[in-house]
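Chain and residue survey
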Amino acid sequence: MSNASNTIIYLDNNATTRIAPEVLEAMMPFLGDSYGNPSSIHRFGGMIRRHINRAREQVAALIGAEPEEIVFTSSGTESNNMALKGFVQSHNHIHKKSAQIITAAVEHPSVRNTARLLKDEGAAAELVELPVDEGGMIALSDIDAKRIDPDTIVSIMWANNETGVIFPIDKIAEKVKSHGGIFHTDAVQAVGKIPINVKKSPVDMLAISGHKLHAPKGIGAAYFRAGTSFSPLLHGGHQENGLRGGTENVPYIVGLGKACELAAARIEEENTRVKAMRDRLERNLLEKCKGAKLNGLAAERLPNTTNISFENIEGEAILLYLDEHGIAASSGSACTTGSLEPSHVMIAMGIPYSYAHSSTRFSLSVYNAEEDIDKVIAVMPGIVEKLRQLSPFA
Ligand SMILES: *Cc1c(COP(=O)(O)O)cnc(C)c1O
């Protein structure tokens, strides 16, 4: 049997990443002999607890937090739900007040749909979705124009998963804090790719996902600045300081810790070697493919992501042809696969219909080599040419 992962050119790292071999190795004992319950009094459990504590330190270190400020969750999705529902519901129940949510139109569904649900249920009295310009950026003046008070939670992603556009989190968080509001950021795509330090950035809550930084799927973490009040999503035992009930997913927590330690060591490579490959890919595709156009601000972007549209052709078809060459890329958001609608991100950016349909995202990682990029540059102009001839629009 051929091993597909040996031959595949994987350029879909914003959808998920491979588990780093070092991470897998760190996890293995906890899927085997080290199976104790960290809450047990005996030494067999206490030993496990120490490994969880170590993982908490590793996650905290990557973002400049204190270990006590990290809660392990099942995913980035859970962390985002925890921040929004945790704030809004505690506001309802404890302070007997309705909350206001301010977010951006290009948020991941785990923020967007949670915010909309809270509004529909009446838990949040108001929901503002800030528009973005054609570069995928919000206007700081739009935030200034809104009423922000201690009843307000502002949730703006650190970096967008489809375009890689990085938001000015420090400036936004400072504005929110100066009015006494709470600031949450979905940092799932940013953590491990760009330096983050919550000692310097006044964010109150932040979401992390394991499988976007070479840990497994199904593990995440949430940062809550010490003193931030919120109600837990999961009620049960006293795990995670009473902030999330449920016996800890020990192997995955250990894996996330190791992945964060690795990410800290590789962030420089991400911003030099990986970025240089991304830039070369982007430059060549924009030059060599007819009707190619970059989506998202060129300047403020994650080092690993490029999102390009090809006028009048169908993104799904591009992906299928790339797949035949063993190249894995994505049409913006994995969640929109199978639907003919352009993604909500492309719609929010006002990308014209003739371009929005072919939005193609290439997202790299430290596991890519120059040959991967050579291959894409070699095949892409031909794919675009062929599809344009077939296009009903052209
Ligand atoms: C992947 C992703 C999430 C969700 O993380 P999961 O661990 O898959 O639930 C949230 N936000 C962004 C920006 C993402 O890219």
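Because the structure is a prediction, the values reported are computed rather than measured.

1. Side note on the pairing of strand E3 (residues 99–104)
- Among the six residues in E3, six count as buried, and that is most of the element.
- Here E3 shows two buried faces, one formed by Ala 99, Ile 101 and Thr 103 and the other by Gln 100, Ile 102 and Ala 104.
- Two elements, E3 and strand E4 (residues 124–130), share six bridges in a ladder whose sense is parallel. In the sheet register, Thr 103 faces E4, and the bridge partner there is Glu 129.

2. Quick notes on the domain arrangement of the protein chain
- Once the domains are mapped, the protein chain shows domain 1 (9–18 + 267–390) and domain 2 (21–262).
- One C-alpha centre belongs to domain 1, the other to domain 2, and the line joining them spans 28 Å.
- With 32 residues of domain 1 in contact, the opposing surface of domain 2 contributes 33 residues.
- When domain 1 packs against domain 2, close to 2,600 Å² is buried across both sides, 57% of that on carbon and sulfur atoms.
- Interface area lost by domain 1 to domain 2 is led by Ile 267, Leu 302 and His 344, which between them contribute 23%.
- In this structure, the connection of domain 1 to domain 2 is made through zero salt bridges.
- Where domain 1 packs against domain 2, one counts 16 residue pairs in polar contact (both at pLDDT 80 or more).
- Only helix H8 (250–288), strand E10 (305–310) and helix H10 (344–348) provide two or more residues apiece to the side of domain 1 that touches domain 2.
- Of the residues contributing to the side of domain 1 that touches domain 2, the split by class is twelve nonpolar, 15 polar and five charged.

3. Points about the sheet that holds E10
- Taken in spatial order, the three strands line up as E9-E10-E12 in an open sheet, and their pairing is antiparallel. In the strand order of this sheet, the two ends are held by strand E9 (292–294) and strand E12 (360–363), each with one partner. Across the sheet, the mean angle separating the axes of adjacent strands is 30 degrees when strand polarity is ignored.
- Here E10 pairs with E12 via four bridges, running antiparallel. In the strand pairing of E12, Asn 307 is matched with Arg 361.

4. Digging into helix H12 (residues 370–390)
- Between its first and last C-alpha atoms H12 spans 31 Å; for 21 residues at 1.5 Å apiece the expected length is 30 Å, and the two agree.
- At Val 379, H12 shows its largest kink, close to 30 degrees, and the proline Pro 381 lies no more than four residues downstream.
- Those residues of H12 not exposed but buried are Asp 372, Ile 373, Val 376, Ile 377, Val 379, Met 380, Ile 383, Val 384, Leu 387 and Arg 388.
- Against strand E1 (9–10), H8, E10, helix H9 (315–324), strand E11 (327–328) and E12 lie the buried residues of H12.

5. Thoughts on unusual backbone geometry
- Located in the positive-phi region is Glu 240, a residue other than glycine, with phi close to 50 degrees.
- For Glu 240, the location among the structural elements is in the loop between strand E8 (220–224) and H8.
- For Glu 240, a relative accessible area of 9% puts it in the buried group.
- Its identity as a non-glycine residue notwithstanding, Asn 241 has a phi of 60 degrees, on the positive side.

What counts as what
Residues numbered from 1 in each chain as written. Predicted model: local features only at pLDDT ≥ 70, side-chain atom pairs only at ≥ 80, totals over all residues. Heavy atoms only, no water. Buried < 20%, exposed > 50% of the residue type's maximum accessible area, 1.4 Å probe, protein only. Helix = DSSP H or I, 4+ residues; strand = E, 2+ residues; numbered from the N terminus. Pairing = 2+ DSSP bridges. Domains from an automatic or database assignment. Contact = heavy atoms within 4.5 Å. Buried area = accessible area lost by both parts, 1.4 Å probe. Salt bridge = Lys/Arg side-chain N within 4 Å of Asp/Glu carboxyl O. Polar contact = N/O pair within 3.5 Å; in protein donor to acceptor, adjacent residues only side chain to side chain. Nonpolar A, V, L, I, M, F, W, Y, C, P; charged D, E, K, R; others polar. Axes fitted to C-alpha atoms, helices over the stretch in contact; angles between N-to-C directions. Expected span 1.5 Å × (residues − 1). Bend = angle between axes of the 7 residues up to and from the residue.

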